[in-house]
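Summary of structural features
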Protein chains: 2
Amino acid sequence: MKKIINHPEQVVEEMIEGMVLAHPMRLRRVPETRVLVRKDAPVAGKVGLISGGGSGHEPAHAGFVGPGLLDGAVAGEVFTSPTPDQILAAIKAVDSGQGVLLIIKNYSGDVMNFEMAAELAEMEGIDVRQVIVNDDVAVENSTYTTGRRGIAGTVFVHKIAGAMAETGATLDEVERVARKVIQRVRSMGMALTPCTVPAVGKPGFHLGEGEMEIGMGIHGEPGIRRSPLASADEVATVLVDHILQDMPCTAGERVAVLINGLGATPLMELYILNRKVTTLLQDKQLVVVDTIVGEYMTSLEMAGCSVTLLKLDDELEKLLSAAADTVGWKR
Amino acid sequence: MKKIINHPEQVVEEMIEGMVLAHPMRLRRVPETRVLVRKDAPVAGKVGLISGGGSGHEPAHAGFVGPGLLDGAVAGEVFTSPTPDQILAAIKAVDSGQGVLLIIKNYSGDVMNFEMAAELAEMEGIDVRQVIVNDDVAVENSTYTTGRRGIAGTVFVHKIAGAMAETGATLDEVERVARKVIQRVRSMGMALTPCTVPAVGKPGFHLGEGEMEIGMGIHGEPGIRRSPLASADEVATVLVDHILQDMPCTAGERVAVLINGLGATPLMELYILNRKVTTLLQDKQLVVVDTIVGEYMTSLEMAGCSVTLLKLDDELEKLLSAAADTVGWKR
């Protein structure tokens, strides 16, 4: 295991310390937790937005904390759900009296723990709503998931619900737009190499030198098939085809695209992939309004990528392009 | 070689096509070149800023093209200098009559070709100046370099000269501030794993499972020593010590820090490294005004990092924090 770390058991704690030291004007740590919130949280009159989950997906989720995006992020151990008490602490830290929306990726542990935290918060009189993101079209059920997994499309939910909350919208409205994004977002990924959870010390799976896995999850969960290494154009075609089979789009529809790197894939390769993805979408006469390329939802040092498609309408397009000021969302 | 590419010989061409397809409102390709410029170039009344070099360092350099930063970037083959005719095309595309500054990393091929392009441009009546960045304190001469190498500190030169140019400053002023940054910026890196140039097809060097190399260059050039894998805190200490030995700082001085990932290093590890870097600087009573963590000057899929320190003054601090709108500079 080759990593720039100190103790494998301390990586999450030390990462959080390093983040706060790097961004003291943006992020504040809720004392004695692994919760990072906006420096100015709770923001008066604003619905609070919380996301989180296992660590190892950076910049998700704390990298998206800031004006126009999330109010707080809860960091579990690597690839492990945060506990309900941590999530509760986040909810309480960002609630300004307008209620809190939890944006949860669909993994059984996350769903259970966020739900429990929501119940505890409700008992303290906080209005809490939950939305569950399940954008991965690769498989119906998976290692840690009943139903589809939540992957990089979650970032569009963060961004658009975040922009809505920033306008001063009510909890009802923020929840509505988050659900709308979830209905209209689909993703699929692939992996070239595994990653190593520090506390485990060895790779989570094995892929041969000439092999890749199509549809792999962001914790190394199995995809739909293992196949010989294909070209970027072939990978783009497989991913886009699966997404469009699941969510048909008609000529003239507007979409946003996220070409997401899983951690060890150079930007060069993501742009080469995007070249074909864009061409495929244009061939179907879809209008690509916005393309985002980079690392947004990673899997430690896994090499691979995912493609996400979001069907836009006027409301979503406007919210997607609204200003946001975080270290992880780059525009 | 596991890469998301089509043909190893086509990676630069297809990357550029993918970039323009992703960012059509930001970037424009100069026809029949590998030059990307601001959509609105040349910007009337503004000094033009050009950088570039071999590809494989993305987001450098085209990711830094946009308002407040570069006007254009020239992409050579992977780890290979662009040719003078390409650089000349970039100069001509961004010159608005106010002259052009070339920001060059200190590699012999780059220096020679940018210089030749500058001479050709001068013959066409364009006022061209050049600055050479040599921030890497690891070694005095290297594989492709006479004198010190230019690495991630170059990004601070881009940012600050870019901000100065955006104010409408003269070429003299932009050149002056670029030279000031170069005098006050120092970096040093380390690597855990090698990277593979696509057209070569195999890693550029070998590092054993328990080995790392301190002071390695961004093309895999030798560093100062190969040693057993050390902890993040030890790595931080070695890099910061070398930088401060070369550029002594006194208590109370203000600095900006860049913790740069080389391509395959998770953000988690960069933040763990930053934790110790910040602590070391604070222990010396330096004032860390700004910390940037992420991938800015990469080496394809190399695992490793560099630390850059920039000594600030009022002028540099103001220009560093000025607005910029590019896909690679994230604030």
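Small disclaimer: the values here were computed from a predicted structure and weren't measured. (Residues numbered from 1 in each chain as written. Chains lettered and ligands numbered in written order. Predicted model: local features only at pLDDT ≥ 70, side-chain atom pairs only at ≥ 80, totals over all residues. Heavy atoms only, no water.)

1. Structural notes on the overall build of chain A
The number of helices and strands found in chain A is eight helices and twelve strands. Seen through its principal axes, chain A has C-alpha atoms that stretch 55 × 50 × 35 Å. Across the 331 residues that make up chain A, the buried fraction comes to 66%. Residue pairs at least 24 apart in sequence account for 74% of intrachain contacts in chain A once pairs closer than 6 positions are excluded. Carbon and sulfur atoms form 52% of the exposed surface of chain A, whose accessible area is close to 10900 Å². With 31 positive and 43 negative side-chain charges, chain A shows a separation of 3 Å between the mean positions of the two kinds. (Helix = DSSP H or I, 4+ residues; strand = E, 2+ residues; numbered from the N terminus. Buried < 20%, exposed > 50% of the residue type's maximum accessible area, 1.4 Å probe, protein only. Contact = heavy atoms within 4.5 Å. Areas by Shrake-Rupley, 256 points an atom, 1.4 Å probe, with all protein chains shown as cover. Lys, Arg positive; Asp, Glu negative; His and termini not counted. Charge placed at Lys NZ, Arg CZ, Asp CG, Glu CD.)

2. Structural notes on the relation of the copies chain B and chain A
Mapping chain B onto chain A leaves a residual RMSD of 0.0 Å; the transformation is a rotation of 180° accompanied by 0.0 Å of translation along its axis. The relationship between the two copies is best expressed as a two-fold rotation axis. Closest approach to the rotation axis among the C-alpha atoms of chain B is made by Ala264(B), whose C-alpha sits 1.9 Å away. A high fraction, 100%, of the interface residues of chain B reappear at the interface in chain A, so the copies pair face to face through one surface. (Least-squares fit on C-alpha atoms with pLDDT ≥ 70 in both.)

3. Quick notes on the pairing of strand 12 (residues 304-311) of chain A
Here strand 12 of chain A lies mainly inside the structure; eight of its eight residues are buried. Burial along strand 12 of chain A is two-sided: the face carrying Gly304(A), Ser306(A), Thr308(A) and Leu310(A) and the face carrying Cys305(A), Val307(A), Leu309(A) and Lys311(A) are both buried.

4. With respect to the sheet that holds strand 6 (residues 128-133) of chain B
All names here are of chain B. Pairing within the open sheet is mixed, and its six strands lie in the order 1-2-4-3-5-6. Looking at the sheet topology across the chains shown, the edges are occupied by strand 1 (27-29) and strand 6. Looking at each pair of strands side by side, their axes are set apart by 25° on average, direction ignored. Judged from the four bridges that link them, strand 3 (residues 48-55) and strand 5 (residues 100-105) form a sheet pairing that is parallel. Looking at strand 5, one finds that Gly48 is bridged to Val100. (Pairing = 2+ DSSP bridges. Axes fitted to C-alpha atoms, helices over the stretch in contact; angles between N-to-C directions.)

5. A word on helix 7 (residues 267-283) of chain A
Residues and elements named next belong to chain A. Along its 17 residues, helix 7 runs 24 Å from first to last C-alpha, staying within 8% of the 24 Å computed at 1.5 Å per residue. Counting buried positions along helix 7 gives 13 out of 17 residues, so the element sits mostly inside the fold. One or two positions beyond helix 7, positive phi appears at Gln285, with a value near 60°. (Expected span 1.5 Å × (residues − 1).)

6. Side note on the domain arrangement of chain A
Residues and elements named next belong to chain A. In terms of domain boundaries, chain A breaks down into domain 1 (8-183) and domain 2 (185-320). Here domain 1 and domain 2 share an interface that buries about 3300 Å² over both sides, 67% of which is from carbon and sulfur atoms. Considering only the side of domain 1, the residues that lose the most area to domain 2 are Phe79, Val137 and Phe156, jointly responsible for 20% of the buried surface there. Where domain 1 packs against domain 2, one counts four salt bridges. As a salt-bridge pair, Lys180 and Glu315 come within 2.6 Å of each other at their nearest N and O atoms. (Domains from an automatic or database assignment. Buried area = accessible area lost by both parts, 1.4 Å probe. Salt bridge = Lys/Arg side-chain N within 4 Å of Asp/Glu carboxyl O.)

7. Thoughts on the nonpolar core
By size, the foremost hydrophobic cluster in this structure holds 209 residues, and its most contacted members are Phe156(A) and Trp329(A). Setting aside chain neighbours within four positions, we find Trp329(A) in contact with Gly63(A), Phe64(A), Leu69(A), Val155(A), Phe156(A), Lys159(A), Ile292(A), Tyr296(A), Leu320(A) and Ala324(A). (Core = buried A, V, L, I, M, F, W, Y, C linked by side-chain atoms within 4.5 Å.)

8. Details of the side chain of Thr265(B)
Examined against the element boundaries, Thr265(B) turns out to sit in the loop between strand 10 (254-261) and helix 7 (267-283). Once residues lying within four places of it in the same chain are set aside, the contact partners of Thr265(B) are Ile4(A), Leu270(B), Glu295(B), Met302(B), Ala303(B) and Gly304(B).

9. Some details on a nonpolar patch on the surface
Taken together, the side chains of Met112(A), Met116(A), Leu120(A) and Met123(A) present a nonpolar region at the surface, about 420 Å² in accessible area. With respect to the element layout, Met123(A) can be found in helix 3 (residues 108-123). (Patch = residues over 30% accessible without salt bridge, like charges linked within 9 Å, V, L, I, M, F, W, Y side chains within 5 Å.)

10. Thoughts on the UniProt feature "domain: DhaK" (unreviewed entry) in chain A
Residues annotated in UniProt with the feature "domain: DhaK" (unreviewed entry) correspond here to residues 7-329 of chain A. Helix makes up 33% of residues 7-329 of chain A and strand makes up 23%, while its end C-alpha atoms are separated by 29 Å. (UniProt positions renumbered as here; feature names shortened; annotations may be inferred.)

11. So, the packing of aromatic side chains
All names here are of chain A. The full count for this structure, using the stated rule, is four aromatic pairs over all chains. Between Phe64 and Tyr296, the ring centres sit 6.3 Å apart and the planes meet at 5°, which makes this aromatic pair stacked. Linking Phe64 in the loop between strand 3 (48-55) and strand 4 (72-78) with Tyr296 in the loop between strand 11 (287-294) and strand 12, this pair joins segments that are 232 residues apart in sequence. Among the residues examined, Tyr296 registers a relative accessible area of 1% and is labelled buried. Of the aromatic side chains, those joined through ring pairs into one cluster are Phe64, Tyr296 and Trp329. (Phe/Tyr/Trp six-rings, centres within 6.5 Å; stacked < 30°, edge-to-face > 60°.)

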